Amino acid sequence: MTTGIKRTGSLSNFADRQFHWLALAPACIFLVLLTVYPVLELIAMATSTITFERAREIWRFTPVENFRQLLDDDIFRIALKNTVVFALVSVVIEVCFGIGLAILVSSAGKAKAILRTILIIPILMPPVAIGSMWKLMYSLDFGVLNQAITLIGLPAVNWLGSTSLALLSVVIVDVWHWTPFVFLILLAAVEAIPNDVIEAARIDGASNRSIVFRIIIPLIWPTIVVALFFRTILAFKVFDQIFLLTSGGPGTSTEVVSLHLHKVYFQQNDLGFGSMLSLAVIAATVAFIWVAYRAGRFVRARDA
Amino acid sequence: MKLKALALLLAAGTVIAWAHQAIAEDSFLDVGEQEPITILINASPWYKGFENVVALYEEQTGNKVDLEVTPFDGMLEKARSAVHAGDTSPYDLVNINGTSTVEFYKGGFLEPLNEIDPQFQVPKEVYSFGDSGCWDEAKEFRTCSTGKLMGYSPNGNVQLFYYRADVLKEKGLEVPVTFDDVLTNCKVLQNPPETYGYLQRGEKGDSIYYDFMAYLLSYGGSIEKDAATGDYTVTVNSPEVKAALDKFIEVSRSCGPQNFASLGQGDLIQLMQTGKGQQAHAVVAAFPNFDDPQKSAVVGKINAAVLPKAKADGEPGVAIGNWVLAVPKNVSDDGKKGAIAFSKWFLTYKAQYAYAEGGGIPVREDVFISDLKDKPQFRWMPAYQQEIKYGKQLLGYSEGPAVNQALGLRLNQALIGELSSAAALNQAARDIEAIFKKGGRKTGQIAPLAE
Amino acid sequence: MLDLRGPSRLAAYLLLSLGVFAILAPFLWVFLQSLKYEIDILQGSWIFNPTSFNYADVLYSRRSDFPENVYNSLVVAFLSTVGVLLIGTLAAYSLVHFKSRAAISRLLLGWTLIFNMIPPLTLVGPWYLIFRELGLSGTLTAVVLTHIALNLPMTVWMMMAYFREIPQEIEEAALVDGCTRPVIFMRIALPLAVPGLIAAGVLAFVFSWNEFSVALTLTSRHTATVPVAISRFAQQYEVQYGQMAAASILSTIPALIMMFIGQRFIVRGLTAGAVK
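Values in this document were obtained by computation on a predicted structure and should not be read as measured data. (Residues numbered from 1 in each chain as written. Chains lettered and ligands numbered in written order. Predicted model: local features only at pLDDT ≥ 70, side-chain atom pairs only at ≥ 80, totals over all residues. Heavy atoms only, no water.)

Student: Can you break down the overall build of chain C residue by residue, with the values?
Tutor: Secondary structure summary: chain C contains 13 helices and zero strands in total. The order of helices and strands in chain C, counted from the N terminus, is α-α-α-α-α-α-α-α-α-α-α-α-α. Each principal axis of the C-alpha distribution contributes one length, and for chain C these read about 70 × 65 × 30 Å. The burial tally for chain C puts 62% of its 276 residues in the buried class. Where the 17 positive side-chain charges of chain C centre and where its 14 negative ones centre are 5 Å apart. (Helix = DSSP H or I, 4+ residues; strand = E, 2+ residues; numbered from the N terminus. Buried < 20%, exposed > 50% of the residue type's maximum accessible area, 1.4 Å probe, protein only. Lys, Arg positive; Asp, Glu negative; His and termini not counted. Charge placed at Lys NZ, Arg CZ, Asp CG, Glu CD.)

Structural data, given as structure tokens:
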């Protein structure tokens, strides 16, 4: 790279002119080699019924049957509804908390570095440990949460065992786990705002409140959108914590799409319909993000 | 002439080998020098016992065995990857959960053991766990009378009835024989949140499915009419099953904690170990935990008995949850030979005895009636041995996992009161019929329950 | 950023303490459990005799390969993070700055997003086949490559957002001064995007560190990573809470150290030669 300083030499000249292609090439190669085949395979499977005989796969082309099964799948419908509610509630809370924490930490002066390290601890813990340990904390008889609640004289709460509370309990774990993710992404964006922009506003007499809502949030909006996108995708894929905390119960109160997919694709080894479910999940995620993005733009346009 | 001589020689050799084995009963079986093998095995409470017995095998025979210890949730994935691979399987023996065996048998991924070694036999003392190790390709069913031997169990779990011996004695209560006795006892024992009268799993999915089977089978119910002969008529909404489900719900609601509908294995064992649970039914694998002072506040106070029944003169409902060790087709010849050698050794009395001592659950009846049963830490053995003769393998068809999930949901919905027991069973019957139809079975339904 | 004086300072610190408490308390609680015998964990005791049993069991017991697992995870997470930062940052820079090929850019970004939505369960099978064909099954190389692919979408999108924040005038001025594009990228754009680079790096590291499904299928006993090892404590019939708590604590420490060193490295390496 250092040779590029001089504008002599045909190689560096080439590197200069074609830099955008050269910079893009490794990513393209990677995506072609490692992602195209799985995606094509997924689509092929989604339109087939796959059985095994004599240690061989036998494929039958059955797109209509698979699609009809999808339409007839009541549990998938319930799971999709739960997933949308779960994603909406948890992502909104996480983004709000994340913005708040990012702005507060960026204003915290010397403590910034240590706070950034402490606040990302939840995403460092392995998901299987998060699920198991929270299950212990939610335990009706011995959990630390009910210990605290009964200490102040309230009756123990049936966190995971009641149909009305179970989804909320799962959302709480998700918020604890993933707020740091949003915080980390947004902190970098807040830090990158040039100081003079804010100083100028302050000299104009802007309050902290208006600095946050009129300057910081609009400036970091593109990053908020990225955080929203990826958090939403992760929320649609939520699996470990729900699998470990409730297995989708009681009843269907915490049944989500990835849990249903796990049952069909993995436990029943129904690769064809399982892949059809995967495609349906992807379609639902795209639709959700598109609607959220449009709604966000609409709100911002109205406010501006 | 030459052929005859050869046959004679072979026969003589077999006799000598057999005699040698009989004589050698006192020492460990000599299986000769073998290439190293790798076993895919799950991390489970009994893993330590298996590890110990494998170490003993290495010590006795000088043959090397690698254990690929894998999380329970990763076992199926790893086994599938290994057998689906076109080239040589990285594992010479794979441990397969009972419910998944049909998938592997039917897919043709495993080598019948007698095709590796025509002489290989599972000793008659070893439990067959409802013929889970045999596969009849034509009938598409697990049966040893007409099927081929595909594998054997390194571990067979059933559920036992556990009770606080000290508390029952103090309150002058009998060990319950029927579910009604359970309810009688539980009226005295239930004092939430200090103590709970009877614990059984209500969590959606396999938990409630498996625990409910103790009721369904004992009440004379069934899921399908006769899968062995190909009659997949759904019978899960019969009056017998409804009676079983009503009893199950009654016990859960009146004897369990507030979260009875989300009670899982971990919660149940936690309540027993901490002393809150007074009676319960749970897998035999849980027992060693009760006596471990690091894990339990009730060391030595919990006893095991046969599961409660529908009627005093009836049979207990014993659903088997076992594992099967089998050899993938794509194992190298040396690997197959080594796997058979290990298997022969592992199933001998001495090895099984050592397995039990090391913390495993043995699979030979003669170990259960040996002197071990008189030792306090093996006081569950008589109950196990009594129960295993009623043991049944359920869902022995490729639709098994789907049926298990359908029931696991509908039963849970009935338990939380979202559906009435009749409605839940009728719905389950419709679900299961659809599953069988998709699999191309001869199926149908019986008259639905009045809702 | 904000100028905090008087009551707003108090409110801010109160909120911040609340946030820190909410995030840290469960972690500290897990740490507390790692010092207990299982019966104390199950009973939720607050008064107990602390023990190092769980740590000893995780680290030294015969069936444990935990130090080896940590080593594997460090190698995988480090290499895949370096890889994805290199590839992803270059791609992001290119996509932000060369808008002439809007169609290609949209296709690429859309594709990465869709790819990111695929449930990992359905990716594992094809990847296993690919790496078996390449003879890389069971190796750390395979895990590193898949983790780069998994984290590439997020890295590209994040870095694009950060690069967009950099005022265009700075780079245009440099171009007028006769700097080549690679030099502008290295000396101007990257140093200005350091906070973003750190955030993207930390996340790529964390996701690789905790990834389970792919690592499970592509590794064998001696290449297993930490999440695979920790899952062994969640058994069929019981969760070994004490060991799991100890292993979780043990696995966060090397990750924290590694990220701390990584951040300093990025900050020093890039800001040292920066044209401010």
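Student: Could you give an account of the overall build of chain A, with specific residues and numbers?
Tutor: A count of helices and strands for chain A gives 14 helices and two strands. Taking 19 Å as the expected radius of gyration for a compact globule of 304 residues, we find that chain A reaches 24 Å, considerably beyond that expectation. Over its C-alpha atoms, taken along the principal directions, chain A stretches across nearly 70 × 70 × 40 Å. Long-range contacts, defined as pairs at least 24 residues apart, comprise 65% of the intrachain contacts of chain A with a sequence gap of at least 6. About 13200 Å² of surface is accessible on chain A, with carbon and sulfur atoms providing 67% of the total. (Rg over C-alpha atoms; globule rule 2.2 N^0.38 Å. Contact = heavy atoms within 4.5 Å. Areas by Shrake-Rupley, 256 points an atom, 1.4 Å probe, with all protein chains shown as cover.)

Student: Explain the pattern of salt bridges to me, and be specific about the residues and the numbers.
Tutor: Residues and elements named next belong to chain B. All chains considered together, the criterion is met by 37 salt bridges over all chains. Notably, a salt bridge pairs E111 with K336, separated by 2.8 Å at the nearest N-O pair. You can see E111 sitting in the loop between α4 (101-106) and α5 (113-116) and its partner K336 sitting in helix α12 (residues 333-346), a full 225 residues away along the chain. One salt bridge connects D117 with K344, and the closest N-O pair in it is separated by 2.8 Å. Of the two residues, D117 is situated in the loop between α5 and β4 (134-135) and K344 in helix α12; the sequence distance between them amounts to 227 residues. D117 sits in the buried class, given a relative accessible area of 15%. For K344, a relative accessible area of 34% translates into the label partly exposed. Through salt bridges with shared partners, one network takes in K106, E140, E399 and R441. (Salt bridge = Lys/Arg side-chain N within 4 Å of Asp/Glu carboxyl O.)

Student: An account of the sheet that holds strand β9 (residues 231-234) of chain B is needed here, citing residue identities and associated values.
Tutor: All names here are of chain B. Spatially, three strands are ordered β8-β9-β15 in an open sheet, and the strand pairing comes out mixed. The sheet is open, and its two borders are formed by β8 (224-226) and β15 (443-445), each paired with just one other strand. Put simply, the sheet's adjacent strands are angled 25° from each other on average, direction ignored. Taken strand by strand, helix α17 (residues 421-438) contacts β8, β9 and β15, and its axis lies near 165° from that of β15. (Pairing = 2+ DSSP bridges. Axes fitted to C-alpha atoms, helices over the stretch in contact; angles between N-to-C directions.)

Student: Report on the side chain of N289 of chain B, specifying residues and quantitative values.
Tutor: Along the chain, the position of N289 of chain B falls in helix α11 (residues 287-290). Aside from chain neighbours lying at most four places away, what touches N289 of chain B is I269, Q273, K295 and S296 of chain B together with E238 of chain C.

Student: Give me the lowdown on the interface of chain A and chain B, citing residues and values where you can.
Tutor: How big an interface is tends to be stated in terms of the accessible area lost upon association of its parts. Tallying the contact residues gives 36 residues for chain A and 35 residues for chain B. For the chain A face of the interface with chain B, the top three residues by lost area are D141, F142 and F266 of chain A, together amounting to 22%. In this structure, the connection of chain A to chain B is made through five salt bridges. Between D270 of chain A and K438 of chain B there is a salt bridge whose closest N-O contact spans 2.6 Å. Across the chain A-chain B interface, the total number found is 16 residue pairs in polar contact (both at pLDDT 80 or more). Counting only elements with at least two residues in the side of chain A that touches chain B, the list comes to β1 (48-53), α7 (127-137), α12 (240-245) and α13 (257-267) of chain A. (Buried area = accessible area lost by both parts, 1.4 Å probe. Polar contact = N/O pair within 3.5 Å; in protein donor to acceptor, adjacent residues only side chain to side chain.)

Student: Account for the packing of helix α9 (residues 239-255) of chain B against helix α16 (residues 400-415) of chain B, with residues named and values stated.
Tutor: All names here are of chain B. For the pair α9 and α16, the least separation of the axes is 10 Å and the interaxial angle reads 55°. As far as their axial angle goes, α16 and α9 are oblique. The handedness of the crossing between α9 and α16 comes out as right-handed. Here α9 contributes L245, F248, I249, S252 and R253 to the contact with α16, which in turn contributes L411, A414 and L415. Taken together, the residues that form the contact of α9 with α16 break down as six nonpolar, one polar and one charged. (Parallel < 35°, antiparallel > 145°, perpendicular 65-115°, else oblique. Left-handed = near helix turned anticlockwise from the far one by under 90°. Nonpolar A, V, L, I, M, F, W, Y, C, P; charged D, E, K, R; others polar.)

Student: Account for the interface of chain C and chain A, with residues named and values stated.
Tutor: Taken together, the 95 residues of chain C in the interface contact 93 residues of chain A. Summing both partners gives a buried area of about 8700 Å² for chain C against chain A, and 80% of it is carried by carbon and sulfur. Inspection of the chain C/chain A interface yields zero salt bridges. At the boundary of chain C and chain A, one finds twelve residue pairs in polar contact (both at pLDDT 80 or more). At 15 residues, helix α1 (residues 6-34) of chain C tops the list of elements feeding residues into the side of chain C that touches chain A. Of the residues that constitute the side of chain C that touches chain A, the class distribution is 71 nonpolar, 19 polar and five charged.

Student: How would you sum up unusual backbone geometry? Please name residues and give values.
Tutor: Across the junction of G249 of chain A and P250 of chain A, the peptide omega takes the value -10°, indicating a cis bond. Inspection of the secondary structure assignment puts P250 of chain A in the loop between α12 and α13. P193 of chain B follows P192 of chain B through a cis peptide bond whose omega is 0°. Tracing the backbone through its elements, the reader meets P193 of chain B in the loop between α7 (179-189) and α8 (206-218).

Student: Tell me about the packing of aromatic side chains, residues and numbers included.
Tutor: If you walk through the whole model with that rule in mind, you get 52 aromatic pairs over all chains. When the centroid spacing of 5.7 Å and the interplanar angle of 15° are considered together, the rings of F205 of chain C and W209 of chain C count as stacked. With F205 of chain C and W209 of chain C both in helix α10 (residues 194-210) and four residues apart, this pair spans about one turn of that helix. On the basis of relative accessible area, F205 of chain C is assigned to the buried category, the value being 5%. Within the aromatic cluster, the residues linked to one another by ring pairs are F28, F50, Y57, Y152, F342, W345, F346 and Y355 of chain B. Positioned over the ring face of F266 of chain A is R80 of chain B, at 5.2 Å from the centre of the ring. (Phe/Tyr/Trp six-rings, centres within 6.5 Å; stacked < 30°, edge-to-face > 60°. Lys NZ or Arg CZ within 6 Å of the ring centre and 35° of its normal.)

Student: Could you give an account of the domain arrangement of chain A, with specific residues and numbers?
Tutor: On domain assignment, one finds that chain A holds domain 1 (1-42) and domain 2 (73-303). Placing a centre on the C-alpha atoms of domain 1 of chain A and another on those of domain 2 of chain A gives a separation of 35 Å. (Domains from an automatic or database assignment.)

Student: Give me the lowdown on the sheet that holds strand β2 (residues 65-70) of chain B, citing residues and values where you can.
Tutor: Residues and elements named next belong to chain B. Reading across from one edge, β2-β1-β3-β13-β6 is the order of the five strands in this open sheet, with mixed pairing throughout. Pairing within the sheet leaves two strands with one partner each, and these edge strands are β2 and β6 (151-157). Direction aside, the axes of adjacent strands within the sheet are offset by 25° on average. Bridge count for strand β3 (residues 93-97) against strand β13 (residues 321-326) is four bridges, and the pairing is antiparallel. Note on β13: the bridge partner recorded for V94 is A326. Contacting β1 (37-42), β2, β3 and β6, α12 crosses the sheet at an angle of about 60° to β1.

Student: Mind laying out a nonpolar patch on the surface, listing which residues take part and the relevant values?
Tutor: Together, V85, L88, V89, V92, I93 and F97 of chain A give the surface a local cluster of nonpolar side chains, amounting to about 470 Å² of exposed area. Here V89 of chain A shows up in helix α4 (residues 74-106). (Patch = residues over 30% accessible without salt bridge, like charges linked within 9 Å, V, L, I, M, F, W, Y side chains within 5 Å.)

Student: Just give me the short version of helix α2 (residues 47-61) of chain B, but keep the residues and values in it.
Tutor: The periodicity of an α-helix, 3.6 residues per turn, causes residues three or four positions apart to be oriented the same way. Residue and element names in this part refer to chain B. Here α2 contains 15 residues, and its C-alpha end-to-end distance of 21 Å stays within 8% of the 21 Å for a straight helix at 1.5 Å per residue. Within α2 the residues assigned to the buried category are Y47, G49, F50, E51, V53, V54, L56, Y57 and T61. Structurally, α2 contributes buried residues whose contacts are with β1, β2, β6, β13, α12 and α13 (349-357). Positive phi appears at G62, one or two residues downstream of α2, with a value of about 75°. (Expected span 1.5 Å × (residues − 1).)

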